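# Overview (structure and organization)
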Amino acid sequence: MTPVLSARRIVFWGAVALAFAAMPLIFSQSFALSMLSQMGIAIIFALSYNMLLGQTGLLSFGHAVYFGLGAFFCAHALNLIGAGKFWFPVTLVPLIGGVAGLVFGLLFGFVTTRRAGTPFAMISLGIAEMVASSALMFTAFFGGEGGIATNRAVGKAFLGISYGAQIQVYYLIAGWCLVCMMAMFALTWTPLGRMANAVRDNPERAKFVGYNTTRVRWLMMSLASFFAGIGGGLAAINYEIVTAETLGLVASGNVVLMAFIGGIGHFWGPIIGAVLVTLLQSALSNYTQAWLLYFGLFFLVIIMFSPGGIANLIALHKPAWNARLLRRLAPSYAIAAVAGAIMLFGFFALIEMIYHYEAKEMSSKAFSYFGLTLDPMQARYWIATAIVLVTGMTLIYGVRSVVGRAWENLTVELQRKGVV
Amino acid sequence: MAAPALELHDVRKSFGRTAIINGVNLSIRPGERHAIIGPNGAGKSTLFNLISGRFGVTSGRIDLHGESINGLEPEIINRMGLARSFQITNIFARMSVYENVRCAVLWSQGYKYSFWHRIDALEGVRERTGEIVDRIGMAKRRDRMAGVLTYAEQRALEIGVTIAGGANVILLDEPTAGMSRSETDEAVELIRKVTEGRTLIMVEHDMSVVFNLADRISVLVYGEVIASGTPQEIRGNKAVQEAYLGTEQH
């Protein structure tokens, strides 16, 4: 028997745990802490989604259903605990969300996983619509428009932990996030996890080696829903309110974006996506009202230029890293970064100019932009913006060949060394 | 006398109004190497698809070891001990050679849908997979991605995936199609080796392979078996010569 956890794995997960523990010490502002909490929840949700999309090849447009139902069940559980009708440690309440997710995953999955591909995607969308509209109909359980409010600090304080303070909630989320990450990673290296890949790649062959492909999909979907439910439970604890939006189509779409931006072909991809999307959504919205536009464009750029997501972009550099040749790319990347910065500077300025030109303020439409003041009512600002943007675009166009050449030379070198 | 490994009783298959298989009767003894030959469009591949559960029969009965397998799903038939290969290579292209074989080993080792066993820690699976990889001569290629193997290697892997689950009735659909002479000779040796002690039924176009490997041959023309017998008998059969061998001599 090989040990369940090799020394390398213990070191690795230990490092992740340490990083989780150290985060609030580095980013101690309250807004950073709530963003970190949000990230932990998003990581669980995105990873659970990738059990479907990346590992089993099931494109679901309704994964938030299981996240949201988990959240609602946990909110009710917290309220029952608060009313003294039921005893359960708050630390383990996310497990109730997990079980709720699992039960509904088994139930809905039984229907949806009979088909793969486009029919599966469409049925998942239908179920998402159905559950979202039920949420507004059955107000006793879902709380209607207002949702279900709850209080997380209902348990007896244990060693001073009552989950009143956000820092305690962060550590609760971090702990669950670590456990879920480990469990989902371990799952990829089990017979079911491997057969999920087989069913994704070639369902017909999977049948002829003895596997019921529907059963494999169903089990993967149920387990994915379990983890999504845990994420939902943590969301209920974190926000202390759960509304119909939690299980709505926008939330379901969001997790698709996270997975694709991060990269569905690698286990770690969705983690990158979850962190980045959370960051963009909460940070960007502080700076500009046009943030949704930037977010959409960012998604577009990733899908067009790196369909494998950011994880794939990173993986592309691995052979060079292993051969210690990564620095060969550094000069060309530095030039590209400067060119890119100029282009983006011009591009963002243009968008903001248009946005403020359209804005309602009558007195002055001038606004500050990276320390400058831009006034969309004066032609010279438009001209300057256009010049910066065009310069940046020209530079980027020229830089492409520089980066391309650096890559060519590197590839030749790697081939010479026999790395690729 | 033991039950035949595989028996077909008046099996018919129509797609719409087009009858492809017109009442096939076949009885294959355990341990026999049986070749099915016939001109293009005779229904050989359809017959394999019926036996392996890919399609359902329109009428008739198919028995595996004396038990009816009519209407069963392919995975159920596979678990009952029948495995097949495909005419067009059908493997897990994005997985390594080793992983391909392991997928085919898992069920027979009893791990089914387990998500509580760590796959690398399963000694039995590892042993059995390594053994199959060795037996198909792919030990040096075991970590190669299946999609980048040469055609002949992919065909060998296809056979490996087919036999890995330990099925005792093996269906091979044109295992040497598209191979060079020397590749074909190697494939024949491989098939002989890996089907030792099992029942083999194969569709094959290459007559040298057929006469080299088969104990018995059935000739399928327009969805009917027009002759069944030893290679000698088939060679001497007038109807067969007219319908098939005469026109398509290799």
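Treat the numbers as computed from the prediction; the structure is a model and nothing was measured.

## Remarks on the overall build of chain B
If you tally the helices and strands in chain B, you get nine helices and 10 strands. The globule rule puts the C-alpha radius of gyration for 250 residues at 18 Å, and the 18 Å found for chain B is close to it. Summarising its shape, the C-alpha atoms of chain B cover approximately 55 × 40 × 40 Å along the three principal directions. Going through the 250 residues of chain B one by one, you find that 45% of them count as buried. Long-range contacts, defined here as pairs at least 24 residues apart, represent 66% of the contacts in chain B between residues at least 6 apart.

## Here we look at the overall build of chain A
Helix and strand content of chain A: 17 helices and four strands. The C-alpha atoms of chain A give a radius of gyration of 24 Å, which matches the 22 Å a tight globule of 420 residues would have. Counting only residues that meet the buried cut, chain A has 40% of its 420 residues in that class. Within chain A, contacts between residues at least 6 apart in sequence are counted, and of these 78% link residues at least 24 apart.

## Section: the environment of Asp-10 of chain B
Residues and elements named next belong to chain B. Here Asp-10 lies in strand β1 (residues 6-15). For Asp-10, a count of 12 C-beta atoms within 10 Å corresponds to the exposed category. Sequence separation of Asp-10 and Ala-239 is 229 residues, and the distance between their C-alpha atoms is 21 Å. Other than its neighbours up to four places away in sequence, Asp-10 contacts Gly-23, Asn-25 and Gly-60.

## What about the pairing of strand β3 (residues 33-37) of chain B?
All names here are of chain B. Burial of β3 is extensive: five of the five residues sit out of reach of the surface. Because side chains alternate across β3, one face comprises the buried residues Arg-33, Ala-35 and Ile-37, and the other comprises His-34 and Ile-36, equally buried. When β3 meets strand β8 (residues 199-203), the two strands line up parallel, connected through four bridges. Its bridge partner lying in β8, Ala-35 is registered against Met-202. Both β3 and strand β9 (residues 216-221) contribute to a ladder of four bridges, which runs parallel. What sits directly across from Ile-37, in β9, is Val-219.

## Concerning the interface of chain A and chain B
Taken together, the contact pairs 28 residues of chain A with 31 residues of chain B. With eight residues, helix α8 (residues 191-201) of chain A is the single largest residue contributor to the side of chain A that touches chain B. Its residues placed into classes, the side of chain A that touches chain B shows 15 nonpolar, seven polar and six charged.

## Some thoughts on the nonpolar core
All names here are of chain A. Among the nonpolar cores identified, the biggest contains 172 residues, and Ala-46, Cys-74, Met-195, Phe-227 and Leu-247 are the most heavily contacted of them. The element best represented in this core is helix α10 (residues 213-239), accounting for 16 residues. The contacts of Cys-74, once residues within four sequence positions are left out, are Val-93, Pro-94, Ile-96, Gly-97, Gly-232, Gly-233, Ala-236 and Ile-237.

## Observations concerning the sheet that holds strand β2 (residues 18-28) of chain B
Residue and element names in this part refer to chain B. Spatially, the four strands line up as an open sheet ordered β2-β1-β4-β5, and their pairing is antiparallel. At either margin of the open sheet sits one strand with a lone partner, and together these are β2 and β5 (67-68). When strand β4 (residues 59-64) meets β5, the two strands line up antiparallel, connected through two bridges. Each residue of the ladder has a partner; that of Asp-63, found in β5, is Ser-68.

## Observations regarding the domain arrangement of chain A
One can read the domain layout of chain A as domain 1 (7-272) and domain 2 (317-417). Computed over C-alpha atoms only, the centres of domain 1 of chain A and domain 2 of chain A are separated by 36 Å.

## Points about helix α12 (residues 269-287) of chain A
With 19 residues, α12 of chain A should reach 27 Å at 1.5 Å per residue; the first-to-last C-alpha distance of 27 Å fits that figure. Along its buried surface, α12 of chain A packs onto α2 (30-56), α11 (249-262) and α14 (309-316) of chain A.

## Describing the sheet that holds strand β10 (residues 224-229) of chain B
Residue and element names in this part refer to chain B. One open sheet accounts for six strands, arranged β6-β7-β8-β3-β9-β10; its pairing is mixed. With one partner strand each, in any of the chains shown, β6 (82-84) and β10 form the two edges of the open sheet. Across the sheet, the mean angle from the axis of one strand to that of its neighbour is 15°, orientation sign disregarded. Here three bridges tie β6 to strand β7 (residues 169-173), and the two strands are oriented parallel to one another. Among the inter-strand pairings, Arg-84 is bridged to a residue of β7, identified as Leu-171.

## Describing the confidence of the model for chain A
Interpreting fine coordinate detail is not advised for predicted regions of low pLDDT. Scored by pLDDT, chain A has a mean of 93; 98% of the residues are at 70 or more. Ranking the helices and strands of chain A by mean pLDDT puts α10 of chain A first, with 98, and strand β3 (residues 367-369) of chain A last, with 87.

## Here we look at the confidence of the model for chain B
Here chain B averages 93 in pLDDT, and 97% of its residues register 70 or above. With pTM at 0.92, the complex prediction returns an ipTM value of 0.93.

## Topic: unusual backbone geometry
At Arg-324 of chain A, a residue that is not glycine, the phi angle is positive and equals roughly 55°. Structurally, the position occupied by Arg-324 of chain A is in the loop between α15 (318-322) and α16 (330-358). Given 8 C-beta atoms within 10 Å, Arg-324 of chain A falls into the exposed group. Residue Tyr-222 of chain B is not a glycine yet carries a positive backbone phi of 45°. Residue placement: Tyr-222 of chain B occurs in the loop between β9 and β10.

## Some points on the pairing of β10 of chain B
Residues and elements named next belong to chain B. Pairing of β9 with β10 involves five bridges; the strand directions are antiparallel. Looking across to β10, one finds that Leu-220 is bridged to Val-225. Between β9 and β10, which pair antiparallel in sequence order, lie two residues; one of them, Tyr-222, sits at a positive phi of approximately 45°.

Parameters and conventions
- Residues numbered from 1 in each chain as written.
- Chains lettered and ligands numbered in written order.
- Predicted model: local features only at pLDDT ≥ 70, side-chain atom pairs only at ≥ 80, totals over all residues.
- Helix = DSSP H or I, 4+ residues; strand = E, 2+ residues; numbered from the N terminus.
- Rg over C-alpha atoms; globule rule 2.2 N^0.38 Å.
- Buried ≥ 20, exposed ≤ 12 C-beta atoms within 10 Å, placed from the backbone.
- Contact = placed C-beta atoms within 7 Å.
- Pairing = 2+ DSSP bridges.
- Nonpolar A, V, L, I, M, F, W, Y, C, P; charged D, E, K, R; others polar.
- Core = buried A, V, L, I, M, F, W, Y, C linked by C-beta atoms within 7 Å.
- Domains from an automatic or database assignment.
- Expected span 1.5 Å × (residues − 1).
- Axes fitted to C-alpha atoms, helices over the stretch in contact; angles between N-to-C directions.
- pLDDT = per-residue confidence, 0-100.

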